[in-house]
Amino acid sequence: MDRFVWTSGLLEINETLVIQQRGVRIYDGEEKIKFDAGTLLLSTHRLIWRDQKNHECCMAIPLSQIVFIEEQSAGIGKSAKIVVHLHPAPPNKELGPFQSCKNSYIKLSFKEHGQIEFYRRLSEEMTQRRWENMPVSQSFQTNRGPQPGRIRAVGIVGIERKLEEKRKETDKNISEAFEDLSKLMVKAKEMVELSKSIANKIKDKQGDITEDETIRFKSYLLSMGIANPVTRETYGSGTQYHMQLAKQLAGILQAPLEERGGIMSLTEVYCLVNRARGMELLSPEDLVNACKMLEALKLPLRLRVFDSGVMVIELQSHKEEEMVASALETVSEKGSLTSEEFAKLVGMSVLLAKERLLLAEKMGHLCRDDSVEGLRFYPNLFMTQS
Amino acid sequence: MHRRGVGAGAIAKKKLAEAKYKERGTVLAEDQLAQMSKQLDMFKTNLEEFASKHKQEIRKNPEFRVQFQDMCATIGVDPLASGKGFWSEMLGVGDFYYELGVQIVEVCLALKHRNGGLITLEELHQQVLKGRGKFAQDVSQDDLIRAIKKLKVLGTGFGIIPVGGTYLIQSVPAELNMDHTVVLQLAEKNGYVTVSDIKASLKWETERARQVLEHLLKEGLAWLDLQAPGEAHYWLPALFTDLYSQEITAEEAREALP
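Per an unreviewed UniProt entry, chain B carries the name Vacuolar-sorting protein SNF8 and comes from Rhinolophus ferrumequinum. Of the comments in the UniProt record for chain B, the one headed Function (unreviewed entry) reads "Component of the endosomal sorting complex required for transport II (ESCRT-II), which is required for multivesicular body (MVB) formation and sorting of endosomal cargo proteins into MVBs." The annotation that UniProt attaches to chain B under Subcellular location (unreviewed entry) is "Cytoplasm".

You'll find chain A entered in an unreviewed UniProt entry as Vacuolar protein-sorting-associated protein 36, with Rhinolophus ferrumequinum given as the organism.

This is how it looks when you write it as structure tokens:
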């Protein structure tokens, strides 16, 4: 902990910010100290920690002081950490929070997550050592790592050996997992090949395969996550699962749709349904494929795709074209409206408001005025006043 | 020795043979389907075994997740295609990414009024982490990208634009072509761009530069600053947070002004 130096936190001319993370606590070795909630910043030259409550409390360590780093994964009630092993402080070091300490390492605890990215970036900076090429002011240009002939602190050698062993152990675990994964993939590949061969048979025979067999085949593809080799859709619509899902959706979405004027974007539906489920969530593809079946199953909802590509679910009873008539009235009353203004007036999302105005334009009721100030719609007087 | 006849008898025989082959053909497909069904059951068992040993690894180790996804892609399998797929059910990868998708949509919606629907991957990452809370699983930027790729299926206009070593995430259907993208990349350095910057770096005519900037203004992705020294500056709110290495308190901001 005695390697830290007080600093203003401002970056020097050649120093660039790489990544920052809130909610980081510092440990001196294994001990908690008073620096428990701060923002940790990584620059090309330093590791800076600033207290979240008192911004004046700001300290830094030059990256050149770091011997190496390792990750410590999160546990129950424990945040993920990065352990930073340091060289001894140089004799000419400026003032910092501690004058001396017994530990040669510190721990950074990520109480609000972000450890994965931070570790990745810190490793990158440690490899690239950009601080060596971009000189900054003298104040934190301390040592450049172990000089030839310098005596290494004894503690570090022991730590390095222990960590080397641990690294080997972790590598072994990872390679075992990787090996198992590779074996699994070989089997998965066989399934893919088999499905291709069956698909070819189906294509050749064109109708000599029963409906039942097709359904079975599609459900096998679904389980494996294989795209349907015949239609190229991700196993397309038509599996039992999607039919059931479509019926479920019709039940779940009736009330929300009525609350929202009979129409919702597919993204809204995705969020609504998955938030309600909590687990065993639907994939975006599951949702789309189920919705594609709504009309065929004669359910009271339908999927609609606008020209722009925006996808919505509508109640069958909802007639967007009729809504256009009332939209025209609203626009006429106000003279002209942008999508945002219209959305606010009517109480719908900007996305759907825009689609309604575009539809009205397509039907000839509205005219657009497209300028840097935005897209504005006017009643189409060319139609009404000839 | 009988001579093979060419008469009605022979034709009838041929028809019978054909019918038998046809039947045989149907039986072959049935065979293969039965074989697939059996292999599927076996695969499910293998996957269960794999899951019992390594499910945690996938959950906790983002590098392993990347390797897993890449290997699946190589053999032509999409583990995230359906929540009902084996991968999703047994390894739990589905719920992880689908929930992340929901969180991404919510963050983008909340910030849209500020940045027009364009946000850096870094800021999205920070905001998503904040929203997930302390006890949730950590996520990497790669995880976010994969979740966003899935969201595209919903027709929402989600786009991923590479700029200067990172990515901009677009969450509203605004049409951005190559010209727009290239100008965004240019703006990434300072958070803003001018017509002169574009002409100098990209060697475009004034008109082309102006059209692109006007489009970005119209889509709400850029703000026009006519008070900047020299010529008009076009600022990209999506890139703002990148520029600051410290959070300035209201006090400090007041003191900084002349």
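Caption draft 1: Looking closely at the overall build of chain A. Helix and strand counts for chain A stand at ten helices and 15 strands. Restricting to contacts in chain A with at least 6 residues of sequence separation, those with at least 24 account for 59%. With the model as given, the accessible surface of chain A reaches about 19400 Å², and the carbon-plus-sulfur share is 53%.

Caption draft 2: Local environment of the packing of aromatic side chains. Scanning all chains against the criterion turns up six aromatic pairs over all chains. When the ring of F43 of chain B is compared with that of W87 of chain B, the centres are 5.6 Å apart and the planes differ by 65 degrees; the resulting orientation is edge-to-face. On the criterion of sequence distance, the pair formed by F43 of chain B in helix α1 (residues 8-60) and W87 of chain B in helix α3 (residues 86-91) is long-range, its members being 44 residues apart. By the burial criterion, F43 of chain B is buried, and W87 of chain B matches it. Arranged with centres 5.0 Å apart and planes meeting at 90 degrees, the rings of F96 of chain B and Y97 of chain B form a pair that is edge-to-face. Looking at F96 of chain B, the relative accessible area reads 14%, which means it is buried. A residue is classified by how much of its surface remains accessible, and Y97 of chain B, at 2% relative accessible area, is buried. Directly above the aromatic system of Y27 of chain A lies the positively charged group of R25 of chain A, at a separation of 5.8 Å from the ring centroid.

Caption draft 3: Summary view of the sheet that holds strand β2 (residues 159-163) of chain B. All names here are of chain B. Strand order in the open sheet formed by three strands is β1-β3-β2, with antiparallel pairing between adjacent strands. Two strands close off the open sheet at either side, each with one partner strand: β1 (118-120) and β2. With direction set aside, neighbouring strand axes in the sheet form an average angle of 30 degrees. Note that β2 and strand β3 (residues 166-170) share five bridges and pair antiparallel. Considered in β3, the bridge of I160 is made with I169. Lying over the sheet, helix α7 (residues 178-187) contacts β1, β2 and β3, oriented at roughly 50 degrees with respect to β2.

Caption draft 4: Spotlight on helix α2 (residues 62-75) of chain B. Residue and element names in this part refer to chain B. The terminal C-alpha atoms of α2 lie 20 Å apart, and with 14 residues this matches the ideal 20 Å at 1.5 Å per residue to within 8%. Taken together, the buried positions of α2 are occupied by P62, F64, R65, F68, Q69, M71, C72 and I75. N-capping of α2 is provided by N61, with a side-chain oxygen placed 3.0 Å from the backbone N of E63. In the segment just after α2, G76 is the residue with positive phi, at about 95 degrees.

Caption draft 5: Geometry of the environment of Y119 of chain A. Residues and elements named next belong to chain A. Looking at the secondary structure, you find Y119 in helix α1 (residues 115-128). For Y119, a relative accessible area of 19% gives the class buried. With 48 residues separating them along the chain, Y119 and E71 place their C-alpha atoms 7.4 Å apart. What Y119 contacts, discounting residues up to four positions off in sequence, is I69, E70, E71 and I82.

Conventions and cut-offs
Residues numbered from 1 in each chain as written. Chains lettered and ligands numbered in written order. Predicted model: local features only at pLDDT ≥ 70, side-chain atom pairs only at ≥ 80, totals over all residues. Heavy atoms only, no water. UniProt positions renumbered as here; feature names shortened; annotations may be inferred. Helix = DSSP H or I, 4+ residues; strand = E, 2+ residues; numbered from the N terminus. Contact = heavy atoms within 4.5 Å. Areas by Shrake-Rupley, 256 points an atom, 1.4 Å probe, with all protein chains shown as cover. Phe/Tyr/Trp six-rings, centres within 6.5 Å; stacked < 30°, edge-to-face > 60°. Buried < 20%, exposed > 50% of the residue type's maximum accessible area, 1.4 Å probe, protein only. Lys NZ or Arg CZ within 6 Å of the ring centre and 35° of its normal. Pairing = 2+ DSSP bridges. Axes fitted to C-alpha atoms, helices over the stretch in contact; angles between N-to-C directions. Expected span 1.5 Å × (residues − 1). Polar contact = N/O pair within 3.5 Å; in protein donor to acceptor, adjacent residues only side chain to side chain.

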